[in-house]
Amino acid sequence: MELMSLLQDLQASAPAEWMRTSVKAMPLVEGTHVLAAATVFGTILIVDLRLLGLRDVRRAFTRVSDEMLRLTWGAFGLAVVTGALMFAANAGTYYGNTAFRLKMLALLAAGLNMAIFQHRTLRGVAAWDVNATPPRAARVAGLLSILFWLSVIFLARWIGFTKGYDFAVPDDAEINFQF
Amino acid sequence: MNTTMQRKLVKGAAAAVIAAGIAMAAPAIAHHSFALYNMEQTLTFTGVVTRVNPDANHLQIFFAPMNDERKNVQRGEDGKPLVWAVEMTGSAQAAADGISVGTFPPGTIFTVGMHPLRSGEKAGARVNPGAIYKCPEKKPPAAGKHCDSVDGSVTIGGGQLPVAAPTAR
């Protein structure tokens, strides 16, 4: 399968090899990933709580979101780079891991929720920007955002404890068992 | 807050950081207990590598144990090789010892000692300290022997080949 050979190439790449063999690589990259994820969630939470009308209600929504989302995107970029490095180190195993797949789904859901909010709900922001309580669609988007990002974080931690044993002999492995 | 109080706070914080550092140094040696494994029991296998999982926390080598004649691997009723796993330190530390995806490609014949899982799953923790021996390519040992008996075999890790103690003492 094409995807499998892509994963194998990724796993055989120089950055992946560095991640596997340097004692410093994983702690540094993983630590950075955690800090980036904390920044992503922290800044998004501030925006979501404003959407829910629970915090910063005396400031216009767009003012809060413009300030925060710059940090969010910067940190998200960092999380993608560090996450890709960790994935590459053992691509085949992560790809087959259920918690990893669910995390990617949760990430996709968070992204879709954000896209719908940006392209639909935010169009009429002028009408409610300074309101303490934004309209229902905006509040729903804020609540879903919090739930999806919490899912991403918990599923991410799940990955590390659900790797188990995969005893299957790879199909493409031509191994000589007789001597 | 006056200066004395501030100094005390800084000192307290510094002490906390140092204590945390010391606490973290110990888990680097053994970050969890070995209660999962039967440490009283040692199994010594000579087998053929099927796959290496370079996990960041615990590298795993999957392998098919050889039969006593060392002419074939042990097989199940369906004729397929029985596969076991031995796990050890994280991939980076294992690589420093010479164990990686590259140095243990599928087909590698090697000998390892392990403490098996209590669960009965076909897996265990590498006996450490204890040597792993890698046979020269496609050269299995003589019947009933291990890779340490083969000329040109490579030793990985210190110590002797773990002696099998198949029953719990």
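For the structure, check the block above.
The paragraphs below set out a description of the structure included in this document.

Reading the values: the criteria
- Residues numbered from 1 in each chain as written.
- Chains lettered and ligands numbered in written order.
- Predicted model: local features only at pLDDT ≥ 70, side-chain atom pairs only at ≥ 80, totals over all residues.
- Heavy atoms only, no water.
- Core = buried A, V, L, I, M, F, W, Y, C linked by side-chain atoms within 4.5 Å.
- Buried < 20%, exposed > 50% of the residue type's maximum accessible area, 1.4 Å probe, protein only.
- Helix = DSSP H or I, 4+ residues; strand = E, 2+ residues; numbered from the N terminus.
- Contact = heavy atoms within 4.5 Å.
- Expected span 1.5 Å × (residues − 1).
- Buried area = accessible area lost by both parts, 1.4 Å probe.
- Salt bridge = Lys/Arg side-chain N within 4 Å of Asp/Glu carboxyl O.
- Polar contact = N/O pair within 3.5 Å; in protein donor to acceptor, adjacent residues only side chain to side chain.
- Phe/Tyr/Trp six-rings, centres within 6.5 Å; stacked < 30°, edge-to-face > 60°.
- Lys NZ or Arg CZ within 6 Å of the ring centre and 35° of its normal.
- Disulfide = S-S within 2.5 Å.
- Patch = residues over 30% accessible without salt bridge, like charges linked within 9 Å, V, L, I, M, F, W, Y side chains within 5 Å.
- Areas by Shrake-Rupley, 256 points an atom, 1.4 Å probe, with all protein chains shown as cover.

### Observations regarding the nonpolar core
- Membership of the largest hydrophobic core comes to 18 residues, with the highest contact counts inside it found for Ile61, Phe63, Val86, Ile99, Phe104, Phe110 and Ile132 of chain B.
- Contributing elements (two or more residues each) for this core: β1 (43-53), β2 (60-65), β3 (84-87) and β4 (109-116) of chain B.
- Of all the elements, β1 of chain B adds the most residues to this core, at four residues.
- If near-sequence neighbours (up to four positions away) are discounted, isoleucine 61 of chain B is found in contact with Val49, Arg51, Val52, Trp84, Ala85, Val86, Met88, Ile99, Phe104 and Phe110 of chain B.
- Core analysis: the second largest hydrophobic core is formed by 13 residues, Ile175 and Phe177 of chain A together with Tyr133 and Leu161 of chain B among them.

### A word on helix α3 (residues 25-51) of chain A
- The end-to-end C-alpha distance of α3 of chain A, which contains 27 residues, comes to 39 Å, matching closely the 39 Å that a straight helix rising 1.5 Å per residue would cover.
- Looking one or two residues beyond α3 of chain A, the residue adopting positive phi is glycine 53 of chain A, at roughly 75°.

### Some words on the interface of chain B and chain A
- With 37 residues of chain B at the contact, the number on the chain A side is 22 residues.
- Surface buried jointly by chain B and chain A totals about 2,200 Å² across both partners, of which 61% is contributed by carbon and sulfur atoms.
- Connecting chain B to chain A are one salt bridge.
- Note that aspartate 166 of chain A is salt-bridged to arginine 51 of chain B, the shortest N-O span being 4.0 Å.
- At the boundary of chain B and chain A, one finds nine residue pairs in polar contact (both at pLDDT 80 or more).

### A look at the packing of aromatic side chains
- The final tally for this structure, using the stated rule, is 14 aromatic pairs over all chains.
- With centroids separated by 5.6 Å and ring planes inclined at 45°, the aromatic side chains of phenylalanine 61 of chain A and tryptophan 128 of chain A adopt a geometry described as tilted. With phenylalanine 61 of chain A in helix α4 (residues 61-89) and tryptophan 128 of chain A in the loop between α6 (98-119) and α7 (136-159), this residue pair connects regions lying 67 residues apart in the sequence.
- A residue is classified by how much of its surface remains accessible, and phenylalanine 61 of chain A, at 2% relative accessible area, is buried.
- Taking the centre distance of 4.7 Å and the plane angle of 45° together, the rings of phenylalanine 45 of chain B and tryptophan 84 of chain B count as tilted. In this pair, phenylalanine 45 of chain B sits in strand β1 while tryptophan 84 of chain B sits in strand β3, placing the two residues 39 residues apart along the sequence.
- Classification of tryptophan 84 of chain B as buried rests on a relative accessible area of 15%.
- In textbook terms, an aromatic cluster arises when at least three aromatic residues are bridged by ring pairs, as seen for Phe45, Phe63, Trp84, Phe104 and Phe110 of chain B.
- When the ring centre of tyrosine 95 of chain A is taken as origin, the NZ or CZ atom of arginine 101 of chain A, which lies over that ring, is 4.6 Å away.
- For the cation-ring pair, lysine 134 of chain B lies above phenylalanine 104 of chain B, with the distance from its terminal atom to the ring centre recorded as 5.1 Å.

### Some details on unusual backbone geometry
Residues and elements named next belong to chain B.
- Of the consecutive residues asparagine 128 and proline 129, the connecting peptide bond is found in the cis state with omega at 5°.
- One can find proline 129 in the loop between β5 (123-126) and β6 (132-134).
- With a phi angle near 65°, arginine 70 is a residue other than glycine that sits in the positive phi range.
- Under the relative-accessibility criterion, arginine 70 is labelled buried at 6%.
- Although it is not a glycine, lysine 138 adopts a positive phi angle of roughly 60°.

### So, the side chain of serine 22 of chain A
Residues and elements named next belong to chain A.
- The residue serine 22 is located in the loop between α2 (14-21) and α3 in this model.
- For serine 22, a relative accessible area of 17% translates into the label buried.
- Among the polar contacts made by the side chain of serine 22, one reaches the main-chain amide nitrogen of lysine 24 at a distance of 3.1 Å.

### Considering the state of the cysteines
Residues and elements named next belong to chain B.
- Applying the stated criterion across every chain, the model contains one disulfide over all chains.
- Here cysteine 135 pairs with cysteine 147 through a disulfide, and the sulfurs are 2.1 Å apart. As the torsion about the S-S bond is roughly -105°, the cysteine 135-cysteine 147 disulfide counts as left-handed. Placement of cysteine 135 in the loop between β6 and β7 (154-156) and of cysteine 147 in the loop between β6 and β7 is noted, with a sequence separation of twelve residues between them. Each member of the pair, cysteine 135 together with cysteine 147, is buried.

### Here we look at a nonpolar patch on the surface
- Taken together, the side chains of Leu102, Leu105, Leu108 and Leu112 of chain A define a hydrophobic patch exposed on the protein surface, amounting to about 390 Å² of accessible area.
- Position of leucine 105 of chain A relative to the elements: it lies in helix α6.

Keep in mind these values describe shape, not function.
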